[in-house]
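Inside the fold
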Amino acid sequence: MSFEPELHVIGEICGGDGFAHSNAFCSYKVEKGDYWECCEGKETGQSQVDYAQPGATSFTWNHPVDLHFFTKSSKGWPAFCFEVGTLDSTGAKSLCGYGSCYVPSTPGSHEIKCPIWRPTGTPKEEITGYFLGARPQLVDKDIIFNKASEQRYRLFTETAGYIKLKLDIVIRGNIERKT
């Protein structure tokens, strides 16, 4: 009896820290290779907006994650791609930053801190962004993960904070390595 190896990812996007805003929310997308198929769960999602206590930079989202994959190979191991945003006083969305991290490849419970970065602009763009909230954004979001090794080194970025995840990983079967 043969079966395809499986990966279960169960947990939550706990929250974020270090963002210099009074509120923040997180949207995510799971990137994976051609050998992977998500048979259950949502590969994209968005948390609610959390408003921090005055003077605090910590946000709580507690957004659930429950994914079930079948695979034929470890090539293209799944990864989370994040975009963190904030709302201004009129309710318009503004960018806090981007980030990505791989799903852990070992079974068990994992706590992950995913660094978040944002592109920086010219001094004029940064001053405009400070006063008007229109920070530089990526035109091609594939740079966050898919084209990161080719394109990311061309960007000027700065640290924007980090996202905290708690994930439980269950692997069934032997996931073969194919190159």
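First, a word on scope: everything that follows refers to the structure included in this document. Owing to the predicted nature of the structure, the values given are computational and were not obtained by experimental measurement. (Residues numbered from 1 in each chain as written. Predicted model: local features only at pLDDT ≥ 70, side-chain atom pairs only at ≥ 80, totals over all residues. Heavy atoms only, no water.)

1. Observations concerning the overall build of the chain
- A count of helices and strands for the chain gives two helices and 10 strands.
- Long-range contacts, defined as pairs at least 24 residues apart, comprise 75% of the intrachain contacts of the chain with a sequence gap of at least 6. (Helix = DSSP H or I, 4+ residues; strand = E, 2+ residues; numbered from the N terminus. Contact = heavy atoms within 4.5 Å.)

2. Brief notes about the pairing of strand β6 (residues 58–71)
- Of the strand pairs in this sheet, strand β1 (residues 6–17) and β6 are connected by 11 bridges, and their pairing is antiparallel. Bridged to G15 within β6 is T60.
- Pairing between strand β3 (residues 36–40) and β6: four bridges, direction antiparallel. Considered in β6, the bridge of W36 is made with T71. (Pairing = 2+ DSSP bridges.)

3. Here's the deal with the environment of G41
- Positionally, G41 belongs in the loop between β3 and β4 (44–46).
- Judged by relative accessible area, G41 falls into the partly exposed class, the value being 46%.
- Considering only alpha carbons, one finds G41 and H68, 27 residues apart in sequence, at a separation of 6.5 Å.
- With near-sequence residues (within four places) excluded, G41 lies in contact with D66 and L67. (Buried < 20%, exposed > 50% of the residue type's maximum accessible area, 1.4 Å probe, protein only.)

4. Examining the pairing of strand β7 (residues 79–87)
- Of all nine residues in β7, seven are buried, a share of seventy percent or more.
- Summarising the sheet, strand β2 (residues 23–31) and β7 pair through seven bridges and their orientation is antiparallel. In the sheet register, Y28 faces β7, and the bridge partner there is F82.
- Examined bridge by bridge, β7 and strand β8 (residues 93–102) share nine bridges and lie antiparallel to one another. When the bridges of β8 are listed, V84 appears paired with G97.
- Following β7, the chain reverses through five residues before pairing antiparallel with β8; G91 in that reversal takes a positive phi of roughly 90 degrees.

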